[in-house]
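These are the residues of each chain, in order.
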Amino acid sequence: DRLTPSVVGWADQGEILTDAGGQALSDNHNRYAYSVQNVTRFGQGWSAALDLNDISDDQYFRDLGTGLELASREQLTRDGRVNWGDRNWQVGLMASDTRVLNILDQPYEIMPRLSALGNYPNALGGLNVNVYAEATEFDHESFVTGSRVHIQPGVSYPMEWQAGYVRPSLKYWHTQYEQDLERAPAGTLLEDSVSRDVPVASLDTGLVFERERDGGG
């Protein structure tokens, strides 16, 4: 089945694909596969997106097959996002879960991640000022869980001419991890709290070479 909704006042587009596959091998429950993708733009800088894919069991594709595009995937993504942006800021909130077929230990879930990117060109006497910040919660039913906060402010001073450019920049990375070691193996060397601080400097340069060409063949 396919669904393409249209809502007055929103820019909304999406697709829902389903496949009812019949009966399970032993428990007589219905087997299924579905794939949902949707992007909705609400206006005023707001948007939302869904990408949901799942099957009833790891043997579904092997036993029943399907016409859905996700039949060729080893991983099935399930995530949702809400975003807002204006001239200087981009802010996003997302949750994500990836299912890997035919393995026992699944990847970590991101539940959730809040991120913000600010950019102010020519803010201070020609300096470009920017900052990126992110807070993420990692969840898992079997392993150590935790959270991460990352902050990355930076400045750059682009100098450009017809013949080339020079773009020096400075950044500072601060990352803080907080870990719940309740599920950590006995004798683990992991710490409850870990951080890193890294200054980063870069210099990008380039030259533009031009050569006159005559109009002959």
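Provided above is the structure to which this section pertains.
These figures come from a predicted structure and were not determined experimentally. (Residues numbered from 1 in each chain as written. Predicted model: local features only at pLDDT ≥ 70, side-chain atom pairs only at ≥ 80, totals over all residues. Heavy atoms only, no water.)

**Student:** Looking at this model, I keep getting lost on the environment of Tyr172. Mind explaining?
**Tutor:** With respect to the helices, strands and loops of the structure, Tyr172 is situated in strand β10 (residues 164–180). Separated by 20 residues in the primary sequence, Tyr172 and Gln152 place their C-alpha atoms 5.6 Å from one another. Once you skip the residues sitting within four places of it in the chain, Tyr172 turns out to touch Ile151, Gln152, Pro153, Asp197, Val198 and Pro199. Of note is the side chain of Tyr172, whose polar atom sits 3.3 Å from the side chain of Asp197. (Helix = DSSP H or I, 4+ residues; strand = E, 2+ residues; numbered from the N terminus. Contact = heavy atoms within 4.5 Å. Polar contact = N/O pair within 3.5 Å; in protein donor to acceptor, adjacent residues only side chain to side chain.)

**Student:** Could you clarify how one ought to interpret the pattern of salt bridges in this entry?
**Tutor:** Inspection of the entire model under this criterion finds eight salt bridges. Among the ionic pairs, Arg78 bridges to Asp54, the shortest N-O distance being 3.2 Å. With a gap of 24 residues between them, Arg78 in strand β4 (residues 75–85) and Asp54 in strand β3 (residues 46–55) connect regions that are remote in the sequence. The buried category is assigned to Asp54, whose relative accessible area is 8%. Ionic contacts of the salt-bridge type, sharing partners, join the residues Asp54, Asp58, Arg78, Asp97 and Arg99 into one network. (Salt bridge = Lys/Arg side-chain N within 4 Å of Asp/Glu carboxyl O. Buried < 20%, exposed > 50% of the residue type's maximum accessible area, 1.4 Å probe, protein only.)

**Student:** Just to check I follow, could you spell out a nonpolar patch on the surface for this structure?
**Tutor:** Residues Phe42, Trp46, Val82, Leu93 and Leu114 make up a contiguous nonpolar surface patch of roughly 450 Å² in combined accessible area. Tracing the sequence through the fold places Leu114 in strand β6 (residues 109–124). (Patch = residues over 30% accessible without salt bridge, like charges linked within 9 Å, V, L, I, M, F, W, Y side chains within 5 Å. Areas by Shrake-Rupley, 256 points an atom, 1.4 Å probe, with all protein chains shown as cover.)

**Student:** What is the right way to look at the environment of Ala49 in this model?
**Tutor:** Relative to the assigned elements, Ala49 resides in strand β3. Along the backbone, Ala49 and Gln37 are twelve residues apart, and their C-alpha atoms lie at a distance of 7.5 Å. Dropping the residues within four chain positions of it, Ala49 is found in contact with Asn38, Val39, Asp79, Gly80 and Arg81.

**Student:** So what exactly am I meant to see when it comes to unusual backbone geometry here?
**Tutor:** Leaving glycine aside, a negative phi is the common case for residues, and trans is the common case for peptide bonds. Cis geometry is found at the peptide bond from Met111 to Pro112, where omega equals -5°. Here Pro112 lies in strand β6. Positive phi is not limited to glycine here, since Asn102 has a value of about 65°. Checked against the element boundaries, Asn102 lands in the loop between β5 (89–100) and β6. The exposed category is assigned to Asn102, whose relative accessible area is 51%.

**Student:** Looking at this model, I keep getting lost on the pairing of strand β2 (residues 30–43). Mind explaining?
**Tutor:** Strand residues, when the strand is regular, have side chains that alternate between the two faces of the sheet. Note: β2 against β3, ten bridges, orientation antiparallel. Bridged to Gln37 within β3 is Asp51. Here β2 folds back onto β3 in antiparallel fashion, the turn holding two residues, of which Gln44 has a positive phi close to 60°. (Pairing = 2+ DSSP bridges.)

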